[in-house]
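Here is what each chain is made of, one letter per residue.
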Amino acid sequence: MKLARTRSTAAAATAVLAVLALATACNRESTASTQASGGDKPAIGIDLPRSDSDFWNSYAEYVEKDIKTEGINALPRSNSQNDVTKLVANVQVFQNTGAKAVVMAPQDTGAIASTLDTLAAKKIPVVSVDTRPDKGDVYMVVRADNKAYGTKACEFLGKQLGGKGKVAELQGALDSINGRDRSEAFAACMKDKFPDIQVFELPTDWKGDIASAKLQSLLAQHPDLNGIYMQAGGVFLQPTLALLEQKGLLKPAGEKGHISIISNDGIPQEFDAIRKGQIDATISQPADLYAKYALFYAQAAAEGKTFKPGATDHDSTIVKLPNGLEDQLAAPLVTKENVEDASLWGNNISQ
């Protein structure tokens, strides 16, 4: 954060110390030295939602790269660790340190409304990444069509299983719009197109240990399970593969006894699992574009620019929401046929 030149050296030092103290108290991940050289650009506050997911860790890498590339005047990043109370505290620090716009990815999309109202009252616009808050004004939601995730997963598994069998659905948190969208779309598609497939819904709160425990219990009751839909490969992939291997059920695709698996995220680890035949497909959430356009819209918001519903210049569509706008980015299906595609972000980031 740039201090006014008219302040004395002592006052400036005091202000910097105050900012760092607040940052330490509220779960900050970065220090002022990691800020980009943003010149006189408006300050942007960026909260990362969690660090226990390979997908969100990849998103964080892209955020840092784009801050430097675009010269964003970013305040020290915070990480709310999937805790809405930490997110609220982190946002308060952003307010206190001069943020002109805030980027966040609230994992509990219902509990953030009052914080959004506070920011709106202070005329601090918000860009929400991947999740769409249920209530409260947002300048822009940068997100893919999560209902399409559920539908694509259903159609893929339905065809893989020939319309018959048993499928475990590792659901995300149902207090999240993403968890609800994926679950509702998957259920509607299965009911309509594949009524002979029995679906076991396993809510997990986006936690890998819960997913593993529930899947283990389900396998004990239904050892003939032949399909799995993981709503978040970033947290579910490793515990799921470890459990299947432990039980001797991790058969490669094409081999008798293989359990057909489709995931969501598009992380490098999923691509490796597709190459090995451990899973069959994933839907690639654009972590790179989430970061790029979150910062783009935050900068635009801080500068007072506005957008309208309609097609964009980056192959997406902006739609009107009751509480703002949403830029719906593309999320392609990845299988063994296209897993080597160099344009997929999962092939262009370190693991």
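Quick caveat, the model's predicted, so the values are computed rather than measured.

What follows concerns the overall build of the chain. Looking only at helices and strands, the chain has 10 helices and 14 strands in total. Going through the 351 residues of the chain one by one, you find that 54% of them count as buried. Considering only contacts within the chain whose residues lie at least 6 apart along the sequence, 72% involve residues at least 24 apart.

Summed over all chains, the structure comprises 12 aromatic pairs. On the basis of an interplanar angle of 80 degrees and a centroid distance of 6.2 Å, the ring pair of Y62 and W345 is categorised as edge-to-face. Of this pair, Y62 sits in helix 2 (residues 54–70) while W345 sits in the segment after strand 14 (333–334), and the two are 283 residues apart along the sequence. Summarising the aromatic geometry, the rings of Y293 and Y297 are spaced 6.5 Å apart at their centres and angled 45 degrees between planes, so their arrangement reads as tilted. Separated by 4 residues within a single helix, Y293 and Y297 lie in helix 10 (residues 287–302), roughly one turn from each other. Accessibility expressed as a relative area gives 9% for Y293, which makes it buried. Overall, the relative accessible area of 1% leaves Y297 in the buried class. These aromatic residues form a ring-pair network of at least three members: F55, W56, Y59, Y62, Y290 and W345. Here K65 stacks its cationic end above the ring of Y62, 5.4 Å away from the centre of that ring.

If you look at the biggest cluster of nonpolar residues, it comprises 54 residues, and the most contacted ones within it are I46, Y59, V103 and Y290. Sort the elements by how many residues they give to this core and helix 10 lands first, with 10 residues. Leave out the neighbours within four places in its chain, and Y59 touches L48, V103, V129, A287, Y290, A291 and A294. A168, L225, M230 and I279 belong to the second-largest nonpolar core, a separate cluster that totals 29 residues.

As a further point, take the sheet that holds strand 1 (residues 44–48). Strands sit in the order 2-1-3-4-5-13-12-11 across an open sheet of 8 strands; the sheet is mixed. Edge positions in the sheet fall to strand 2 (78–79) and strand 11 (310–311), since each of these pairs with one other strand and no more. Alignment of strand 3 (residues 101–104) against strand 4 (residues 126–129), held across 3 bridges, turns out to be parallel. Residue pairing for strand 4: M104 is matched across the bridge by S128. Its contacts with the sheet put helix 3 (residues 84–96) on strand 1, strand 2 and strand 3, and the angle it makes with strand 1 is roughly 165 degrees.

Here we come to the packing of helix 2 against helix 10. It is the contact of helix 2 with helix 10, at a shortest axis distance of 8 Å, that shows an interaxial angle of 45 degrees. It follows from the interaxial angle that helix 2 and helix 10 lie oblique. In this structure, helix 2 crosses over helix 10, and the sense of that crossing is right-handed. Every residue of helix 10 that contacts helix 2 at F55, Y59, Y62, V63, D66 and I67 is listed here: A287, D288, Y290, A291, K292, A294 and L295. Class assignment for the residues of the contact of helix 2 with helix 10 results in 10 nonpolar, no polar and 3 charged.

In a regular helix each residue adds 1.5 Å, so 15 residues correspond to 21 Å; helix 5 (residues 146–160) covers 21 Å between its end C-alpha atoms and thus fits that length. The set of residues buried in helix 5 consists of N146, Y149, G150, A153, C154, F156, L157 and G158. With a side-chain oxygen lying 3.1 Å from the backbone nitrogen of K147, the N-terminal cap of helix 5 falls on D145. G162 sits one or two residues past helix 5 and shows a positive phi near 65 degrees.

Okay, the environment of I228 next. Mapped onto the fold, I228 is located in strand 8 (residues 227–230). A residue is classified by how much of its surface remains accessible, and I228, at 0% relative accessible area, is buried. Along the primary structure I228 and I261 are separated by 33 residues, whereas in three dimensions their C-alpha atoms are 4.8 Å apart. Leave out the neighbours within four places in its chain, and I228 touches L157, V167, A168, L170, L215, T240, L244, I259, S260, I261 and I262.

Considering the arrangement of structural elements, one finds P309 in the loop between helix 10 and strand 11. C-alpha separation for the pair P309 and E326, spaced 17 residues apart in sequence, amounts to 8.4 Å. If we ignore the near neighbours within four places in the chain, the residues touching P309 are I318, K320 and L325.

It is the contact of helix 5 with helix 6 (residues 177–193), at a shortest axis distance of 7 Å, that shows an interaxial angle of 40 degrees. Crossing handedness for the pair helix 5 and helix 6: right-handed. Contact residues: helix 5 offers N146, K147, Y149, G150, T151, A153, C154, E155, L157 and G158, while helix 6 offers N178, D181, R182, E184, A185, F186, C189, M190 and K193.

In a disulfide, the sulfur atoms of two cysteines are covalently bonded to one another. Here the structure, examined in full by the defined rule, presents 1 disulfide. Shown here is the disulfide that connects C154 with C189, its sulfur atoms set 2.1 Å apart. Because the torsion about its S-S bond is -75 degrees, the bridge between C154 and C189 counts as left-handed. Of this pair, C154 sits in helix 5 while C189 sits in helix 6, and the two are 35 residues apart along the sequence. You'll find C154 and C189 in the same group, each marked buried.

Definitions and limits used
- Residues numbered from 1 in each chain as written.
- Predicted model: local features only at pLDDT ≥ 70, side-chain atom pairs only at ≥ 80, totals over all residues.
- Heavy atoms only, no water.
- Helix = DSSP H or I, 4+ residues; strand = E, 2+ residues; numbered from the N terminus.
- Buried < 20%, exposed > 50% of the residue type's maximum accessible area, 1.4 Å probe, protein only.
- Contact = heavy atoms within 4.5 Å.
- Phe/Tyr/Trp six-rings, centres within 6.5 Å; stacked < 30°, edge-to-face > 60°.
- Lys NZ or Arg CZ within 6 Å of the ring centre and 35° of its normal.
- Core = buried A, V, L, I, M, F, W, Y, C linked by side-chain atoms within 4.5 Å.
- Pairing = 2+ DSSP bridges.
- Axes fitted to C-alpha atoms, helices over the stretch in contact; angles between N-to-C directions.
- Parallel < 35°, antiparallel > 145°, perpendicular 65-115°, else oblique.
- Left-handed = near helix turned anticlockwise from the far one by under 90°.
- Nonpolar A, V, L, I, M, F, W, Y, C, P; charged D, E, K, R; others polar.
- Expected span 1.5 Å × (residues − 1).
- Polar contact = N/O pair within 3.5 Å; in protein donor to acceptor, adjacent residues only side chain to side chain.
- Disulfide = S-S within 2.5 Å.

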